[in-house]
Amino acid sequence: MQDIGNILDNRVLLVALIACLIAQALKLVVEIVKNRKLNIRVLVTTGGMPSAHSALVTALAAGVGQTLGWASPDFAVAMIFAIIVMYDAAGVRQAAGKQARILNQMIDELFHEKPDFSQDRLKELLGHTPVQVIAGSALGITIYWLARSAY
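What this report covers is the structure whose coordinates are included nearby. Because the structure is a prediction, the values reported are computed rather than measured.

On to helix α4 (residues 73-90), then. For α4, which comprises 18 residues, the first-to-last C-alpha distance of 26 Å matches the rise-based estimate of 26 Å (1.5 Å per residue) to within 8%. Those residues of α4 that sit buried are F75, A78, A82, V85, M86 and A89. The buried residues of α4 occupy one face: seen down the axis, they fall within an arc of 95 degrees. Projecting away from the buried face of α4 at angles above 90 degrees are the exposed residues P73, V77, I84 and Y87.

In terms of nonpolar packing, the biggest core is built from ten residues, these being V15, A16, A19, A23, A52, A55, A59, L139, I143 and A147. Counting residues per element, the ones that place at least two in this core are α2 (11-35), α3 (52-68) and α6 (130-147). Here this core takes four residues from α2, the largest share from any one element. By size, the runner-up hydrophobic cluster in this structure holds six residues, among which are V57, V85, M86 and V133.

Conventions we followed
- Residues numbered from 1 in each chain as written.
- Predicted model: local features only at pLDDT ≥ 70, side-chain atom pairs only at ≥ 80, totals over all residues.
- Heavy atoms only, no water.
- Helix = DSSP H or I, 4+ residues; strand = E, 2+ residues; numbered from the N terminus.
- Expected span 1.5 Å × (residues − 1).
- Buried < 20%, exposed > 50% of the residue type's maximum accessible area, 1.4 Å probe, protein only.
- Arc of directions from axis to C-beta.
- Core = buried A, V, L, I, M, F, W, Y, C linked by side-chain atoms within 4.5 Å.

Here's what the structure looks like:
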């Protein structure tokens, strides 16, 4: 039970998680402003503005740098991890989303006259645009900066 208390005392982790939660909440605000309706599902889906993954890993890396030193190997690991996550969000997952969109369109066109064909559609919103990743990263840095006195 003491281990759980230690986890809750980890301020770097808590600030990173708070950055992620704020990014997810902002997705709801963006959805309301953009589509003029409340869609709670955006709180638990991938993709969208801003990137919660980017906010999380950026706040994490900045917290590690602040706590253990900007020249520490720990910060280097956290920074490389952040770069890989953001690259994946904007690159690989974005490309997978584009492929899903094309495949869904192909299925729609091929089977539009066969209503008995009931295949689940592929999820199209998987990744982020570079702007969404940059916005998430800026949010993560901002949350870290606001909470830096906690370190």
